[in-house]
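Next come the chains, spelled out residue by residue.
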Amino acid sequence: MTPAWTIPSAFAGALLVLLLPARMAMASRVVALVAAIVGALAAGVSCLARLRDPDAGIWSFNVPWVPEPGIRFHLAADGLALTLLFLTGITAIAGVLFSWNVEKRPRAFFAWFLTIIGGAYGVFLSRDAFLLFVFYEIVILPKYLLIAIWGSTNKEYGAMKLTMYSIGASALILLGIATAYAAAGGTSFDLMHLASANYSDGLQAWAFPVLFLGFAVLAGVWPLHTWAPTGHVAAPTAASMLLAGVVMKLGAYGALVVAMPLFEQGFEQWKPVIAGLAVTGILYGALTALTQKDLKFVIGYSSVSHMGFILLGLAVANHWGLRGAVMQMISHGIIAGLLFGIAGRVVYERTHTRDLMALKDFDLWKTLPGAALGFTLATAASMGLPGFSGFVAEISVIIGLWQKWPWLTALVALGIIVTGAFSLRALHRAFFPERSPSDAPPAKLPPLTWPEISAIVLLLAVSIAIGLYPKPWIALIDEALRSPLFQSFLTQP
Amino acid sequence: MNYQILLLQLLPEAVLVFTALVLLGVSVGVESKRSRPVTPRLTIGIATAGIVLAFVALLREPAQAGSGTPLVAMDLLARVGKGLALALGLLAVWLPPARGESRNVGEFHALMLFALAGLLLAAGTNHLLFLFVSLELASLSLYLLVGFPRTAKAAEASMKYFLFGAVSAAFMWFGLSLLYGFSQSAMLPVIGAKLGADPGSLLAMAGLLMFLAGIGFKLAAAPFHYWAPDVYQGGPATSVALVSAASKLVGIVVLVRVLSLGFQAAAGSADWGNMTAGWSLWLAVLAAVSMIFGNLLALAQTSMRRLLAYSAVANTGYLLTAVVANGSKSSGAALFHVVVYGLATLGALAVTAAVERERGDDRITSFAGLIHRSPFQAVCLLVFLASLAGIPPLAGFFGKFAIFSSVLAESTREGNPGLVWLVGLGAVLSAASLYYYLTVIKQAFVFQSGQSDSGRLPASHALCIGVAALALVLLGLCPTMISASIARAVGSLMP
């Protein structure tokens, strides 16, 4: 299996689900699950093949698409793309499993869900700026519809806000890419071609922030992060998982492979600003999460905080920083998916509340011990405890930061402490409440179903596997970072 | 003049006019013989046959240049423009008149063919007088088509359209007479040569300015757009489809032809920091005002047709942005986008007409629950609106992207900021436009409808919707299907 299977599996799955007769809800779930598994398997097998034989050429697919403006259908799977494809595949499987009980128009639900997955695969594989932008934009409408139709709390507002932020950011990306295309001679959108062109300093000074900001909005950069918490909370569980787990990574990935290589001098100028915004985001997200009453809002703001580490790693732009940023993309993708899955699906569907005070009455560690165990482990991973993927990622970013701006690490350390505080607070209030014996006994809750258990186990297993044995992932990422695309801005300490 | 060659050169238009006469005859014949009016099915069939025949006539190799009349230009731009206008006109014909509007459908479709013939003639001439007459043939037919149902709303729309149109025609006419006074010729190449020798001529500039005001009216560019919302709302959907798609396409063809052949010397510049008077600057102002007005006013609409009217104004802004850059790639992008825009608006109007059949009005809330009532219409509506908003993989995305990137490529050189200001404005406003398209999508997909008693759509109505949606998907996946011939057509006029 090659990476070629990923994009078609998702889109074909979406189409197939739509073609099923309306009453076959079960069949639509199975088709969606199979499509997700095929994509994840293709990504996993390709990762293994790449590790086994790192000297072989990378898989690529390159045909002309629209010759006149110079657009090529150019896909390539280096280690960076492969790890993110794997993340997308795992999130897709878990998302389908956590959506097993969707009864309202399941065919449309899974079709839109798989469309987002296909778009994400496409972004990670694209090596042509136009093609990347096409896949990037494909996810906008499905995101809106998933939230607006299947969402909860304030869903129309959350969906519209998220969509307008996304499309506004896309306008900036369009402007940035079109500017680079024009300045590079107006012949090709190929990323390598655009990255190797010489842009004047004046152009880079304004085009870099435009292009970078366009991607960074989707990555949840402070102060344009506000779409993320409201969107995540309003979204149905699978969409929250996708948004936090995969879609936010599309922004970070675009910043890494498009904005930074194209305008490396602009990047050099704006580095301190990005780092400042990233650290602000880490602290602001963590502090805000500390005061939330809704469990999903806690996770939403924690995503803003964790995405700050990715942006910080990108701003540091040395080997440790970039490696850490990519590791954090994978790690946060898995962990945020897990947290949203348990909070939004396992708990909310049974208790119909996410209010931290109201959850007290359910005494969840007794009535839903499996969920409590899963959430505890996920919280530990989210706090960056050793043994989980978050540790590997955040420690790499911090080492990189120490090499570049040692004094900033103090602020980041503060952010990590607050992260521990809000994580433990939410865990404590939601799952291990203090109850006096006089309280009414908690209501009986239905036990965990097998799709829920398998999704939780899958995500936890991946996070722990990366945490205990990060070597293959680091090998894949390091190999990809040697690509000429990144050499113009990658600083060696 | 050799009349045989003239006939061959104008064969497509002749076929259209002949078919229109046949339609009139058939409808009178049927009505007097069976004492009931002719059915839309029959007249749509005849009109379709006429348009297809005209298309076949167009595909023939052109007659030798120079042997016919100088009034008719047989260049590639004329042929491509005529072909695309016929295609968009055919889709409009397939959209049947609503129940109350179906009296005298024979006359209605005959008028559509007359309008189409006028548009075709306008797309293929380098002679300003002939251009004016052709545009008036099209416009007079369109005024009648908008007022055809004889309801108060339609009469008001038609009257507004006519009054604004008459004033703009007067402007255009006056401008043309000034241009004639300047160059003693109505032929574009002659005017171009004269203007090259005397680029600053006040007479020519005044004439051009008035001509552009007239074209601005046809294209619904702000501030000449005041007729658009009322016409879109009051006229029959079929007429509006013709106004919004084929007529706009021909407007762009005419604009590109006139400016590139006749007025290269008066282009001026709209580049940031280097603005000089000339049509580039004037059109850049029109483009900016249209994008701002159209997009902002569309946000406030509660009627789908008025929303589409303001979206038409906004899209004129994008199209003019491409014309401003004055290059062959950007002009090609403008032509591509106007086709794609026409398909999407025509389709959205057709779905609106279907909703009106069922719900009786075009309020956006009447679209509620369309996905449950008619999944076909709802999915096609999604395609149309997403294409208008520029979401890939639909053709509207490619059209807008092609405009913005080619304008930047042609206007920015050696650190010159060029038209970045206009493109930036367009990109941001185009992103904002997703908001109002989403309000309709939200009604159709998210909300539930009250009742569901959908009568079957006439076959040609469904065909119109389906073909337009399919075309947008195919053109999005494979834009070269038309963009290659458009590029060659524009390249034959501009270096």
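Counting its regular elements, chain B contains 20 helices and zero strands. Its C-alpha radius of gyration of 22 Å places chain B within 12% of the 23 Å reference for a compact globule of 495 residues. Taken over the C-alpha atoms alone, chain B extends approximately 65 × 55 × 40 Å along its principal axes. Split into buried and exposed, the 495 residues of chain B put 64% on the buried side. Excluding contacts between residues fewer than 6 apart, the proportion of contacts in chain B whose partners are at least 24 apart in sequence is 80%. Surface exposure of chain B reaches about 17,100 Å², of which carbon and sulfur atoms provide 67%. Charged side chains of chain B number 28 positive and 18 negative; the gap between the two group centres comes to 7 Å.

What follows concerns the domain arrangement of chain B. Residue and element names in this part refer to chain B. What the domain assignment lists for chain B is domain 1 (1-265) and domain 2 (267-495). Placing the centre of domain 1 and that of domain 2 at their C-alpha centroids yields a distance of 21 Å. In this assembly, 50 residues from domain 1 lie in contact with 54 residues from domain 2. Together, the buried faces of domain 1 and domain 2 total about 4,300 Å²; carbon and sulfur atoms form 77% of this surface. Its largest share of buried area at the contact with domain 2, domain 1 owes to L91, W94 and Y232, together 13% of the area lost on that side.

Another point: the interface of chain A and chain B. Facing the 36 residues of chain A at the interface are 37 residues of chain B. Across the chain A/chain B interface, buried area totals approximately 3,100 Å², and carbon plus sulfur atoms make up 81% of it. At the junction of chain A with chain B, the criterion picks out one salt bridge. Salt-bridge contacts for K442(B) lead to E156(A); the nearest nitrogen and oxygen are separated by 3.9 Å. At the junction of chain A with chain B, the criterion picks out two residue pairs in polar contact (both at pLDDT 80 or more). Those elements giving two or more residues to the side of chain A that touches chain B turn out to be β1 (59-66), α5 (129-138), α6 (140-150) and α7 (155-183) of chain A. Broken down by element, the residue count for the side of chain A that touches chain B peaks at 14 residues, all from α7(A).

So, about the layout of surface pockets. Of the pockets and cavities examined, the largest pocket occupies roughly 1,600 Å³. Taken together, 47 residues make up the lining of the largest pocket; nearest its centre are L15(A), L18(A), W112(A), T115(A) and V379(B). The residue makeup of the lining of the largest pocket, split by class, is 43 nonpolar, two polar and two charged.

Residue and element names in this part refer to chain B. Within the secondary structure layout, T48 lies in helix α3 (residues 40-59). In this structure, the C-alpha to C-alpha distance between T48 and V323, residues 275 residues apart in sequence, is 32 Å. If sequence neighbours within four positions are ignored, T48 has contacts with L90, V93 and W94.

Moving on to the pattern of salt bridges. Tallying each qualifying case throughout the model produces 18 salt bridges over all chains. Its salt-bridge partner being D78(A), residue R127(A) comes within 3.2 Å of it at the nearest N-O pair. Placement of the pair is R127(A) in the loop between α4 (106-125) and α5 and D78(A) in the loop between β2 (71-77) and α3 (79-98), with a sequence separation of 49 residues. The burial state of R127(A) is the same as that of D78(A); both residues are buried. Via salt bridges that share partners, E156(B), K160(B), D230(B) and R306(B) belong to a single interconnected network.

Below, the discussion takes up the packing of aromatic side chains. Enumeration over the complete set of coordinates arrives at 39 aromatic pairs over all chains. Ring centres of F208(A) and F267(A) lie 5.6 Å apart, and the angle between their planes is 55°; this geometry places the pair in the tilted category. With a gap of 59 residues between them, F208(A) in helix α9 (residues 201-218) and F267(A) in helix α12 (residues 264-290) connect regions that are remote in the sequence. Judged by its relative accessible area of 1%, F208(A) is buried. Measuring from centroid to centroid gives 4.4 Å for F132(B) and W173(B), while their planes differ by 15°, and the two rings are stacked. One end of the pair, F132(B), is in helix α6 (residues 128-146); the other, W173(B), is in helix α7 (residues 152-183), with 41 residues separating them in the sequence.

What counts, and where the lines are drawn
Residues numbered from 1 in each chain as written. Chains lettered and ligands numbered in written order. Predicted model: local features only at pLDDT ≥ 70, side-chain atom pairs only at ≥ 80, totals over all residues. Heavy atoms only, no water. Helix = DSSP H or I, 4+ residues; strand = E, 2+ residues; numbered from the N terminus. Rg over C-alpha atoms; globule rule 2.2 N^0.38 Å. Buried < 20%, exposed > 50% of the residue type's maximum accessible area, 1.4 Å probe, protein only. Contact = heavy atoms within 4.5 Å. Areas by Shrake-Rupley, 256 points an atom, 1.4 Å probe, with all protein chains shown as cover. Lys, Arg positive; Asp, Glu negative; His and termini not counted. Charge placed at Lys NZ, Arg CZ, Asp CG, Glu CD. Domains from an automatic or database assignment. Buried area = accessible area lost by both parts, 1.4 Å probe. Salt bridge = Lys/Arg side-chain N within 4 Å of Asp/Glu carboxyl O. Polar contact = N/O pair within 3.5 Å; in protein donor to acceptor, adjacent residues only side chain to side chain. 1 Å grid on protein atoms, 1.4 Å probe; cavity = no way out; pocket = protein on both sides within 12 Å on 5 of 7 lines; lining within 4 Å. Points joined across faces, edges and corners; volume = space filled by probe spheres on them. Nonpolar A, V, L, I, M, F, W, Y, C, P; charged D, E, K, R; others polar. Phe/Tyr/Trp six-rings, centres within 6.5 Å; stacked < 30°, edge-to-face > 60°.

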